[in-house]
Amino acid sequence: MPVQELPKTYEPKAVEDKWYSLWEKAGLFHADADADRRPYCIVIPPPNVTGSLHMGHALNATLQDILIRWRRMSGDNTLWVPGTDHAGIATQNVVERQLAGQNTDRHQLGRERFIEKVWEWKKEYGGKIISQLKKLGASCDWQRERFTMDEGLSRAVREVFVRLYEEGLIYRGERLINWCPRCHTALSDIEVEHEEEKGKLYYIAYPLSHDANIRLTVATTRPETMLGDTAVAVHPLDPRYKDLIGRTVSLPLTDRKIPIIGDSILVDLEFGTGAVKVTPAHDFNDYEAGMRQSPPLPRIKMLDDKGGVLSDIPDVHADVLKQIAGRPAKKARGVIAEILHKRGLLIKTEEHNHSIGKCYRCKTVVEPYLSPQWFVKTAPLAQPAIEAVEKGRITFIPRGWENTYFEWMRNIKDWCISRQIWWGHRIPAWYCGRCGGITVSREDVKTCRACGGEEVRQETDVLDTWFSSALWPFSTLGWPEKTKELALYYPTSVLITAFDIIFFWVARMIMMGLHFMGEIPFRHVYIHAIVRDAEGQKMSKSKGNVIDPLVMIERYGADAFRFTLAAFAAQGRDIKLATERIEGYRNFANKIWNAGRFVFMNIENDFSPNSKLITPDSSLADRWMASRLQAAIKDVEAALAEYRFNDAASSLYHFIWHEYCDWYLELSKPALSLGKDAPGRKAAQTVLVRTLETFLRLLHPIMPFITEEIWQRIPEQARGGSGYIMASPFPVPDDRLIDYDAEQDMQMVMDAILAIRNIRGEMNIPPTQHVNAIIKVEDKKLAEHLEQNSGYIKTLARAKDIRIGTDEKKPHASATAVIKGAELFVPLEGLIDLAAERDRLRKEIARLSKDIEMFSKKLSNKDFLERAPKAVVEKDTMKLDELKAMREKLERNLKMLG
RNA sequence: GGGCGAUUAGCUCAGUGGGAGAGCACUGCCUUCACACGGCAGGGGUCGCAGGUUCAAACCCUGCAUCGCCCACCA
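Because the structure is a prediction, the values reported are computed rather than measured.

> I tried to follow the pattern of salt bridges on my own but got confused; where do I start?
Where charged atoms from two side chains of opposite charge come close, those side chains can pair. Taken as a whole and judged by the stated rule, the model has 51 salt bridges. A salt bridge links Lys358 to Glu195, with the shortest nitrogen-to-oxygen separation between them at 3.3 Å. A residue pair is termed long-range when its members are at least 10 positions apart, and Lys358 in strand β13 (residues 346–359) and Glu195 in strand β7 (residues 192–207) qualify at 163 residues. Given a relative accessible area of 35%, Glu195 falls into the partly exposed group. In the salt-bridge network here, residues are joined through shared partners; they are Glu159, Arg163, Glu166 and Arg442.

This is the structure we're talking about:
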């Protein structure tokens, strides 16, 4: 397309899909495990198959893609392993809802048929998030895409389970666990979210067995659970009650006599009445207290697995049971309170806030529930995992998260890994119907290992979803097979994730990786923020505040969206995303696009640049630009190496917009308008096109699409090849091009230009109106230098005539500016309103006086002069002199204006 | 109860001991031949509050306030 026909605004939609499919077809995402280059590997935190791309995924994937693209261009053998998680409970819930819509449920279908249904669902909808990642530009190796329930990973899961079992690190036992009555399954501790809720504290009288006139008052938030009480606890040192220890109370509404026990851990002397009802089957603290007694307290279950009151609780009066059997606990609470009230046993109630545990998947209130479950014994696994971080073999970025990690790991509890659902890795354990023995095996078994009996039935529970995710860094690379991928890419280079799954996932990967691979799973853990909306609210469908990444990509382009996320990555915890910000970076993309158009308009289609970026024909501006480019390369490289994504983004933004576009494109115009064969023109064209080409490569990791689109339009000779920018080398700074003299000289010219522009702006001189300028310089060398480059000043400051010399005089009625080593005058007569200018000067002088006073004070401080570093004192002294000089000049100015 | 983080311009946020910054928004001038998704210039801040350390504090220390998050068994 001829340059003239390139649209004036960049249109992302027209190019993004095109380049993505070309890259993919060219195999640029695929890693070659045989290649002999430094490996660099990231495994994606596998999104749930049920998920669709939200802001968190977008940020997460963008940061990974930036690193992967950067390392790939830098020559590493990069592998980014993608995949999805089967998300046990979440996925089962989704499919169950679907079934409900068809007026059926999983029990009608049966286990096998239901699992088939889930697989069908996965086949139809599970790929959604993958295609969305592609929209974002993610350069994952799709040929290596994995799923936590695919064949290889399932084998890894069984291998790990069996080995841990054989090592005694997995055990089965009846314990009090968190139970979601709605999902109908056990949950691990961290799958329970606690929320503060308003409730009531009920004071209930328990009559002593030997004398019903003496009543012990207990306080509870859950009076209904008294039906499962098997003791009342008091503090052993409590003078009010200590003599009662060993006696019994008659539990109201039942025929049960329960002991009064002493327990200093359970009972807080300050709280309530100092007497606590103990319900070991329905409360974690009570369970522990029960275990502390010898013999342990009996556990009486009073709720079923749906959270309803049992109809056959031992000892409970039939008339009471009749009123509450089968009703949910919360309903039963009111009924029991009412009955107690009628019988005069409810002393009082108080308002009371307490935290309630809820299922992290469905927000249903969880119940402590006594049931047989499988557990991982975590303490022996945690120890090496703690050491790996302590000794710095694994580093968290930012470092502060290591404390969070240590805190949890040092207090880790055994991990309940069994779930009473159907979708997931079924636990590879078989129970013998004859001898009751358990056979745990890698292969399905037909006979009991203990007695040889053939009545074996496999455990119906499946494993916690996070069990398989814990193996992700090595299972995706082929473990337990000894694959070349595993040998090459493990340990992976970095894990990019959000803080909310440090416990769920990061910690467990470290434990499993160390245990099964004998090596850390990743060297760095980069923890990024959680994305919230502009008000700082967590995005959720119910609040209607969800910003859909795909809508943003559609509206502003994937590049602008990615750049925004990179620019926001600095925040440790939260990102409050504002769409205006994305719009700003959409404008940035457009700016780049038009810089490209400008370059193409000013070079020939077959343009071939000078072999050296800088030649004797190069101008000051050329040398300045070449030098600044090296600085930009260094900045971006350093920022990426330290995961300072926002710094990389802002360096690029500033360099491209404010140095290349604002200054260099303007500075190059005079040279470009020289004759076709002028060497100065060719030199400028060379810098123009090669700087463009270089910063496109520098920007590619963050903005892959627009950089490829523009790069492909650069003449082949100027970009050194016909391939893809994605596969071209990342820029390397060339120290020989760093030219501090040029930077300093250019700064002088820029200062002069800025000074004149400033005067024009202040005086409201319209852009079409040319001005004259007189520059009085300190020495001849400066005069020469400025004279040589006065063309820049004329063009960029719209000056018609410039006089430069050591003995120039300030003309009557002119504005003054002070620049380093020179004074600059712009005659104002005939251009502006002189009276208004006088006012302005007076204001300016007042402001300067204030600053001067401040600096003088500082510089007359003896301590400061003695103890501050010399450079600081010098700098401040110079600053003060400058300020004073400026004030003097303004004062003279004012006089001259009359 | 323990811990972590935040508090800087109207908004969203960078900035960890020596000149208060960016983007957006705002004001003025300009459709000048890359770009009005633009150019040039400008206004705007007691860096949450109070102490302390220091020659020097947005930055270090102490306390407080407000907001947010995480962990924990207060019935």
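> Can you help me understand the packing of helix α11 (residues 379–390) against helix α12 (residues 401–410) in this one?
How two helices pack is summed up by the angle between their axes together with the distance between the axes. Viewed as axis vectors pointing N to C, α11 and α12 meet at an angle of 160°, and their least axial separation amounts to 10 Å. Taken together, the axes of α11 and α12 are roughly antiparallel relative to one another. In this structure, α11 crosses over α12, and the sense of that crossing is left-handed. Seen from α11, the contacting residues are Ala382, Ala385, Ile386, Val389 and Glu390; seen from α12, they are Glu402, Tyr405, Phe406, Met409 and Arg410. In terms of residue class, the contact of α11 with α12 is built from seven nonpolar, no polar and three charged.

> Mind showing me how you'd approach α11 here?
Given 3.6 residues per turn, any residue in an α-helix points the same way as the ones three and four places further on. Taking 1.5 Å of rise per residue, 12 residues should cover 16 Å, and α11 covers 16 Å from first to last C-alpha, within 8% of that figure. Among the residues of α11, Leu381, Ala382, Ala385, Ile386, Ala388 and Val389 are the ones counted as buried. When α11 is viewed along its axis, its buried side chains cluster within an angular range of 155° and face the same direction. Against β14 (367–376), β15 (395–397), α12 and α16 (502–517) lie the buried residues of α11. Once α11 finishes, Gly392 follows within two positions and takes phi at roughly 80°, a positive value.

> When you look at the packing of aromatic side chains in this model, what are you seeing that I'm missing?
The description of an aromatic ring pair rests on the distance of the ring centres and on the angle between the ring planes. All told, the structure shown has 36 aromatic pairs when counted by the stated rule. On the numbers, 4.9 Å between centres and 40° between planes, the contact of Trp179 with Tyr369 is tilted. In this pair, Trp179 sits in strand β5 (residues 170–180) while Tyr369 sits in strand β14, placing the two residues 190 residues apart along the sequence. Given the relative accessible area of 4%, Trp179 is considered buried. Judged by relative accessible area, which is 10%, Tyr369 ranks as buried. An angle of 40° between the planes, with centres 4.8 Å apart, marks the rings of Phe588 and Tyr653 as tilted.

> Which parts of the structure should I look at to understand the sheet that holds strand β29 (residues 822–827)?
Sheet strands pair via backbone hydrogen bonds, and the direction of the pair is either parallel or antiparallel. Pairing in this open sheet of four strands is mixed, and the strands run β27-β26-β29-β28 from one edge to the other. The open sheet has two edge strands with one neighbour each: β27 (799–805) and β28 (814–819). Shown here is a sheet whose adjacent strand axes are inclined to one another by a mean of 20°, direction ignored. As defined by bridge partners, strand β26 (residues 771–777) adjoins β27 across six bridges and the pair is classed as parallel. Across the sheet, the residue bridging to Asn772 is Asp801, located in β27. Across the sheet, helix α26 (residues 780–788) touches β26 and β27, and the angle it forms with β26 is around 155°.

The rules behind the values
Residues numbered from 1 in each chain as written. Chains lettered and ligands numbered in written order. Predicted model: local features only at pLDDT ≥ 70, side-chain atom pairs only at ≥ 80, totals over all residues. Heavy atoms only, no water. Salt bridge = Lys/Arg side-chain N within 4 Å of Asp/Glu carboxyl O. Helix = DSSP H or I, 4+ residues; strand = E, 2+ residues; numbered from the N terminus. Buried < 20%, exposed > 50% of the residue type's maximum accessible area, 1.4 Å probe, protein only. Axes fitted to C-alpha atoms, helices over the stretch in contact; angles between N-to-C directions. Parallel < 35°, antiparallel > 145°, perpendicular 65-115°, else oblique. Left-handed = near helix turned anticlockwise from the far one by under 90°. Contact = heavy atoms within 4.5 Å. Nonpolar A, V, L, I, M, F, W, Y, C, P; charged D, E, K, R; others polar. Expected span 1.5 Å × (residues − 1). Arc of directions from axis to C-beta. Phe/Tyr/Trp six-rings, centres within 6.5 Å; stacked < 30°, edge-to-face > 60°. Pairing = 2+ DSSP bridges.

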